[in-house]
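Each chain, written out:
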Amino acid sequence: MAEHEHEHVRVAVVGSGFGGLGAAVRLRREGVTDFVVLERADSVGGTWRDNSYPGCACDVPSHLYSFSFAPNPDWPRTFSGQEHIRAYLEHVTDVFRLRPHIRFNSEVKKMTWDGEKLRWDIETTSGSLSADVVVSATGPLSDPKIPDIPGLDSFPGKVFHSARWDHDYDLRGKRVAMVGTGASAIQIVPVIQPVAQKVTLFQRTPPWVMPRVDRAISGAERALHRALPFTAQARRGLLWGLRELQVQAFTKHPNELGLIEKLAKQNMARAIKDPSLRAKLTPDYRLGCKRVLLSSEYYPALARPNVDLVASGLTEVRGSTLVAADGSEAEVDAIVFGTGFHVTDMPIADRVVGADGRTLAESWKGGMEALRGASAAGFPNWMTIIGPNTGLGNSSMILMIESQLNYMADFVRQLDVLGGRAALDARPAAVQAWNHRVQERMKRTVWNTGGCTSWYLDANGRNTTIWPGTTSEFRRATRRVDLSEYELLRVPADSKAEVTA
């Protein structure tokens, strides 16, 4: 516990997924070496470390789902598997010499703002320290959500979440319940279907599913990208440009998505010949309202005789019997929850105590909001990566992360220019103005008008997750810190605060 006690650093980064590692690289490039990365696990990777379920892969093309400053010419497939992405993040960690900065097995228990010393006091499972600036990169897909199902505690079989896969439990010959039909479930079902005795899929709402046009990237292509890096840059640019062009349909003209819906239905009809099953699998909301999923194996797996689709949510567990909302029952040996994460109620928010003594969770009780997706009012020198309204519905989150890293870098630069013991606290009016603009733009988007209830929406029905514009718009909005949007804090004149004590 005493190993890092009373240590003070310029910047403390929380998390070592794409956001945390990207922040670490950017800090080093800015000449900041006095920083630590606090990681609760024993290795880097974030969600790509935690999600190791069978079939786990990315639904964004490999050359777009990587850092622009760390291109990988050797991606083996057009859509990378979890193991490839995790290996990439390990590679980035080594190439940019980040390991000396990383504190593994150091889960943040509490972060408290000290207004007298203008610093964050941080308690972790491996000791305590303080920092001038905190960059929270815990990510919205880090803490699994399992619904409160009556009787679940008494289930005699195996229970786990897709993000906490039990690799020691053999599903061969078992009766398996898959709860949920999101991005994880549609990858898991085709892999476990051939080995399980029976798979019962509990579906509250059917997703829109498009074919996943995945293929191996040839040795010749990889050799070309290694020899001529601009070819990989061109490939990335093309993938980015096509997705930028799609944004208007999602944000301004949702009715234009009708043609894509027809293609999705044709994709389903090719694999699902049973009209009653097709009816259960056909969404009654606009494509894009929920996350559009990519799979060429999901529908064929559902058509197999050992798969049973229950078009209703799981409501009760009675011993080994699972009961759906429509009254149907299923006897199972194992339950796998693919029920998502705490996205709009991130647990880290309960552990951050701001200038007025309130936690970030209390501040966000009416809904998450942060200036340019990064700074929350009342939490000086605290920034979040993949913060409120920075998510995407059609492109790579790495683009948004890099934009926020630009903002973080300028934030630290501004503090250096101001000199002395200084802190910047987002003005409530600036946060409100930014959030108002975002929410006004959100009103006409497919995520708000598409007729569905999604994990993009918080408990109040507000979309506090998605960015209602292009990635290039967000890049422009986060290029520089506007000091007029912040209140400058200085150490009180009568304070005896020391820099490191």
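To be clear, the structure that these remarks concern was listed above.
Residues numbered from 1 in each chain as written. Predicted model: local features only at pLDDT ≥ 70, side-chain atom pairs only at ≥ 80, totals over all residues. Heavy atoms only, no water.

Colleague: Hey, could you run me through the sheet that holds strand β9 (residues 198-202) in this one?
Modeller: Each strand in a sheet pairs with its neighbour through backbone hydrogen bonds, running either in the same direction (parallel) or in the opposite one (antiparallel). With respect to topology, five strands assemble into an open sheet ordered β7-β16-β8-β9-β12, the strand pairing being parallel. At either end of the open sheet lies a strand with only one pairing partner, and these are β7 (158-161) and β12 (307-310). Averaged over all adjacent pairs, the angle separating strand axes in this sheet is 15°, with direction ignored. Of the strands in this sheet, β8 (175-179) and β9 are in contact with helix α4 (residues 185-192), which crosses β8 at around 165°. (Pairing = 2+ DSSP bridges. Helix = DSSP H or I, 4+ residues; strand = E, 2+ residues; numbered from the N terminus. Axes fitted to C-alpha atoms, helices over the stretch in contact; angles between N-to-C directions. Contact = heavy atoms within 4.5 Å.)

Colleague: Looking at this structure, how should I read the state of the cysteines?
Modeller: As used here, a disulfide is simply a covalent bond connecting the sulfur atoms of two cysteines. Summed over all chains, the structure comprises one disulfide. Note on cysteine connectivity: C289 is disulfide-linked to C452, with sulfurs 2.0 Å apart. Disulfide C289-C452: torsion about the S-S bond near -95°, hence left-handed. Of the two residues, C289 sits in the loop between α8 (275-281) and β11 (293-294) while C452 sits in the loop between α13 (446-449) and α14 (471-477), which places them 163 residues apart along the sequence. Judged by its relative accessible area of 0%, C289 is buried. Here C56 stays unpaired: no disulfide links it, and the sulfur of C58, its closest cysteine neighbor, is 8.8 Å away. (Disulfide = S-S within 2.5 Å. Buried < 20%, exposed > 50% of the residue type's maximum accessible area, 1.4 Å probe, protein only.)

Colleague: Help me out: how do you make sense of the packing of aromatic side chains in this one?
Modeller: Both the distance between ring centres and the angle between the ring planes are used here to describe each pair of aromatic rings. Under the counting rule described, the total for this entry stands at 16 aromatic pairs. Relative to Y65, the ring of F18 lies with its centre 5.2 Å away and its plane at 75°, an arrangement referred to as edge-to-face. With F18 in helix α1 (residues 18-29) and Y65 in the loop between α2 (47-50) and α3 (82-95), the pair connects residues that are 47 residues apart, well separated along the chain. Per residue, the accessibility class of F18 equals that of Y65, and both read buried. Feature note: the residues F18, W48, Y65, F67, F69, W75, Y88 and F96 constitute an aromatic cluster, connected by ring pairs. Over the face of the ring belonging to Y169 we find K174, whose NZ or CZ atom lies 5.2 Å from the ring centre. (Phe/Tyr/Trp six-rings, centres within 6.5 Å; stacked < 30°, edge-to-face > 60°. Lys NZ or Arg CZ within 6 Å of the ring centre and 35° of its normal.)

Colleague: Honestly, empty space enclosed by the protein in this entry has me stumped. Any pointers?
Modeller: It is the rolling of a water-molecule-sized probe over the atoms that shows where space remains empty. All told, the structure shown has two cavities of 30 Å³ or more when counted by the stated rule. For the largest cavity, the calculated volume is near 40 Å³. As for the largest cavity, its lining consists of V247, F250, T251, L392, G393, N394, W447, W467 and G469. A per-class count over the lining of the largest cavity returns five nonpolar, four polar and no charged. (1 Å grid on protein atoms, 1.4 Å probe; cavity = no way out; pocket = protein on both sides within 12 Å on 5 of 7 lines; lining within 4 Å. Points joined across faces, edges and corners; volume = space filled by probe spheres on them. Nonpolar A, V, L, I, M, F, W, Y, C, P; charged D, E, K, R; others polar.)

Colleague: Explain the nonpolar core to me, please; I cannot follow it from the model alone.
Modeller: Proteins that are soluble and globular tend to have nonpolar side chains buried together. Formed by 106 residues in total, the largest nonpolar core has its most connected members in F18 and L302. Counting residues per element, this core draws most heavily on helix α11 (residues 397-418), which supplies 11 residues. Grouped together as the second largest cluster of nonpolar side chains are 26 residues, V14, V108, A131 and F379 included. (Core = buried A, V, L, I, M, F, W, Y, C linked by side-chain atoms within 4.5 Å.)

Colleague: Please clarify how the sheet that holds strand β14 (residues 321-324) should be interpreted in this entry.
Modeller: Strand order in this open sheet of three strands is β13-β14-β15, and the pairing throughout is antiparallel. Of all the strands in the sheet, just β13 (314-318) and β15 (329-331) have a single pairing partner and so form its edges. Neighbour-to-neighbour, the strand axes of this sheet turn through a mean angle of 25°, independent of strand direction. Relative to β15, β14 is paired through three bridges, and the arrangement is antiparallel. The partner of V323 across the bridge, within β15, is E329.

Colleague: What's the story with unusual backbone geometry in this structure? I'm lost.
Modeller: Negative phi values dominate among residues other than glycine, just as trans dominates among peptide bonds. Phi at N105 takes a positive value of approximately 55°, unusual for a residue other than glycine. By secondary structure assignment, the location of N105 is in the loop between β3 (102-103) and β4 (108-114). Of note, the phi angle at N381 is positive, near 50°, even though the residue is not glycine. Turning to its location among the elements, N381 is positioned in the loop between α10 (360-363) and β18 (382-384).

Colleague: Would you explain the environment of C452 in this entry?
Modeller: Classification of C452 as buried rests on a relative accessible area of 14%. Spatially, the C-alpha atoms of C452 and W240 are 27 Å apart, while their sequence positions differ by 212 residues. Contacts of C452, omitting those with residues within four sequence positions, involve Y285, C289, K290 and L457.

Colleague: So what exactly am I meant to see when it comes to the pairing of strand β5 (residues 119-124) here?
Modeller: Each regular strand displays side chains that alternate between the two surfaces of the sheet. Bridge count between β4 and β5: six bridges; the pairing is antiparallel. Of the residues in β5, the one forming a bridge with K110 is E123. Once β4 ends, the chain turns through four residues before running back antiparallel as β5, passing L118 with a positive phi of about 55°. Across five bridges, the pairing between β5 and strand β6 (residues 127-136) is antiparallel. Across the sheet, T124 pairs through a bridge with G127, a residue of β6. Hairpin connection, β5 to β6: the antiparallel pair is bridged by two residues.

Keep in mind these numbers describe shape, not what the thing actually does.
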